[in-house]
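Below, each chain spelled out in residue letters.
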Amino acid sequence: MRNVLTIAGKELRSYFVSPMAYVILAFYLGICGLVFALSVSAPQAEADMAGMFHTMVFIALIITPVITMGLLSQEQATGSMELLMTNPVRDAEVVMGKYLGAMGLFVIVLIGTLEFPIMMSRYGEPDWNAILAGYIGVLLAGMAFMAIGLLASSITASQIAAAVIGYVILLFLWLIGWLAYAAGEQVGNVAQHVSILENFQDFAMGIIDSRPIIFFLSLTFFALFVAVRTIENRRTI
Amino acid sequence: MISCEGLTKFYGNHQAIADVDLHVGEGEIVGFLGPNAAGKTTTMRILTSYIPPSAGRAEVAGHDVVTESLDSRRSIGYLPETSTLYRDMRVTQYLRFCAGLRGMGRAETNERLDYVLDICGLQERPDDIIGTLSLGFRQRVGLAQALLHDPPVLILDEPTVGLDPNQIIEVRDLIKSLAGDYTVMLSTHILPEAQMTCERVIIINHGRIIAEDTPQNLTAQIRQAETISITLSDARDDNVERRLLDLSDVVAVRPAGPGTYHVDTAVGSDVRAQVAQFVVERGWGLLELRPVEMTLEDVFRQLTTEEEGVE
């Protein structure tokens, strides 16, 4: 566990010594702020975050591959992987450390977005339970996104390729929901169940259901598991 | 402290090392010598558990590098060939990160940090960002991290590569000063380096160990002939080679440059006086006559080319 925290701390720090963390924060809070301003300035606007949460989860998808692309590919490209992996650390500890580092940045971004509900509560009476549900949803989705991004970073030494692979997987899981309407009932059902958008829907409306929680957690676990196996496999090449 | 038996590694169909057996005793400094792509780095990567062997087994400090790799990795300080460090970290920050991964406590870390910064000549730049350091200083940071947790075994892959001559001397002195306290295995393709720093040399070529001994013994063992070099100013006579061969005890004569010939004779015979007299009598104008010492370089070339001949 100590190794995990050591690596996580190092990753989180390196986001903040490079422009990365600030660019991500500015981009995320900027877009969300714009959407927030537009939604509350509409006539008869309600103190409701449902629309905001959809924006937050989609922008989270956009920033994820940028955050995660370097985590493992850069180590492989520069060769620093060799020094890291010849330390007495388990492969899983390396992957978990990197993952927690990326999640750390994401949580900091989410803390930044708390300004929106706080502002809302000054002028109206938002439903705090619904907001909590929404944040849990964004956090869970973010966990799955980061795990998928990290998986993409584990399979290639090129950061660009890692980012592209990350976008392809994430956008596929996002857009597959559309298939639900186009395809027949059976395929449509499956598509609906594995769609990020469909699974997020409940959270945005303030409903905490076990099915989407299990969906996001298993997606996270699966992606991290494959990332660990990819790193283990690299040793046998 | 280090031992391998039948170590073999395939990358796809390419066999990088074949049946490597080697043993390094406690406190020994052993040079691992070979041309580029001979299998030095592969062997070291297996010893440090970075990659697993395809066959055979290896132990470091009594721990199997595959089944007990966390224990074996704990007892190794490793300087990879391209010691790529995190460029955005500061020197001590990086070393503290390494200390964390090696389970060192705070007090131990501070104590060792002072020691390695001092011994590696980094005490004046502990807070420099690694990316801004010169190659030589980065190499020192690499050495510092290898020594940080006071490991019994040091595995150094080409520790002097990329350094300027002064730095090379410093690093060699540093390595020599570690003798006795540490078991050191260092790879190099620079022969004088092995001759200067190592007590024992293991020569590897095409993935196989082809010789293993002290530098002195190796040169002696390989020496099948005494060689003298003569330089003539006036050797218009085309038959210099054949005429010299007529002398008793001369085994072979090879041209070695304009007017220069290498004369091989049977081991133990000294033909210098005889050759000198012969040359002077012919009026060939003797400019120089000297015995040729065999260096590790010759041994190496001879061994590695013999190996190619077998294939």
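Residues numbered from 1 in each chain as written. Chains lettered and ligands numbered in written order. Predicted model: local features only at pLDDT ≥ 70, side-chain atom pairs only at ≥ 80, totals over all residues. Heavy atoms only, no water.

Asks: Lay out empty space enclosed by the protein with the relevant residues and their values.
Replies: With the rule as written, the count across this model stands at three cavities of 30 Å³ or more. The volume enclosed by the largest cavity comes to roughly 60 Å³. Taken together, L83, T86, N87 and P88 of chain A together with R73, I76, G77, Y78, R102, Q145 and H149 of chain B make up the full set of residues lining the largest cavity. In terms of residue count, strand β6 (residues 76–79) of chain B provides more of the lining of the largest cavity than any other element does, three residues in total. If you add up the space inside the second largest cavity, you get close to 50 Å³. Taken together, K10, R13, S14 and V17 of chain A together with D88, M89 and Q93 of chain B form the lining of the second largest cavity. Among the elements that take part in the lining of the second largest cavity, helix α1 (residues 2–17) of chain A stands out by supplying four residues, more than any other. For the lining of the second largest cavity, the per-class residue count stands at two nonpolar, two polar and three charged. (1 Å grid on protein atoms, 1.4 Å probe; cavity = no way out; pocket = protein on both sides within 12 Å on 5 of 7 lines; lining within 4 Å. Points joined across faces, edges and corners; volume = space filled by probe spheres on them. Helix = DSSP H or I, 4+ residues; strand = E, 2+ residues; numbered from the N terminus. Nonpolar A, V, L, I, M, F, W, Y, C, P; charged D, E, K, R; others polar.)

Asks: Now, about the confidence of the model for chain A: what can you tell me, with residues and values included?
Replies: Residue-level pLDDT values for chain A average 90, and 99% of them are 70 or greater. Of all secondary-structure elements in chain A, the lowest mean pLDDT belongs to helix α9 (residues 185–194) of chain A, at 80, while helix α5 (residues 91–113) of chain A reaches the highest, 96. (pLDDT = per-residue confidence, 0-100.)

Asks: Outline a nonpolar patch on the surface, listing residues and values.
Replies: All names here are of chain A. A surface patch of nonpolar side chains, amounting to about 530 Å² of accessible area, comprises V107, I111, L114, I118, W128 and L139. Where the nonpolar patch is concerned, the elements lending two or more residues are α5 and α7 (128–154). Inspection of the secondary structure puts I111 in helix α5. What makes I111 exposed here is its relative accessible area of 52%. (Patch = residues over 30% accessible without salt bridge, like charges linked within 9 Å, V, L, I, M, F, W, Y side chains within 5 Å. Areas by Shrake-Rupley, 256 points an atom, 1.4 Å probe, with all protein chains shown as cover. Salt bridge = Lys/Arg side-chain N within 4 Å of Asp/Glu carboxyl O. Buried < 20%, exposed > 50% of the residue type's maximum accessible area, 1.4 Å probe, protein only.)

Asks: Provide a residue-level description of the layout of surface pockets, including the pertinent values.
Replies: In this structure, the largest pocket spans a volume of roughly 460 Å³. Taken together, 21 residues make up the lining of the largest pocket; nearest its centre are E11, S14, G70 and Q74 of chain A together with D88 of chain B. Elements represented by at least two residues in the lining of the largest pocket include exactly α1 and α3 (50–78) of chain A. Ranked by residues supplied to the lining of the largest pocket, first place goes to α3 of chain A with seven residues. Of the residues assigned to the lining of the largest pocket, the class counts are seven nonpolar, eight polar and six charged.

Asks: Break down the sheet that holds strand β10 (residues 208–213) of chain B for me, with residues and values.
Replies: Residues and elements named next belong to chain B. Spatially, six strands are ordered β6-β7-β8-β3-β9-β10 in an open sheet, and the strand pairing comes out mixed. Unpaired on one side and paired on the other, β6 and β10 mark the two borders of the sheet. Mean inter-strand twist for the sheet, computed between neighbouring axes without regard to direction, equals 15 degrees. With five bridges connecting them, strand β7 (residues 153–157) and strand β8 (residues 183–188) associate as parallel partners. Along β8, the bridge assignment pairs L156 with L186. Relative to the sheet, helix α5 (residues 135–147) contacts β6 and β7, its axis offset from that of β6 by approximately 165 degrees. (Pairing = 2+ DSSP bridges. Axes fitted to C-alpha atoms, helices over the stretch in contact; angles between N-to-C directions. Contact = heavy atoms within 4.5 Å.)

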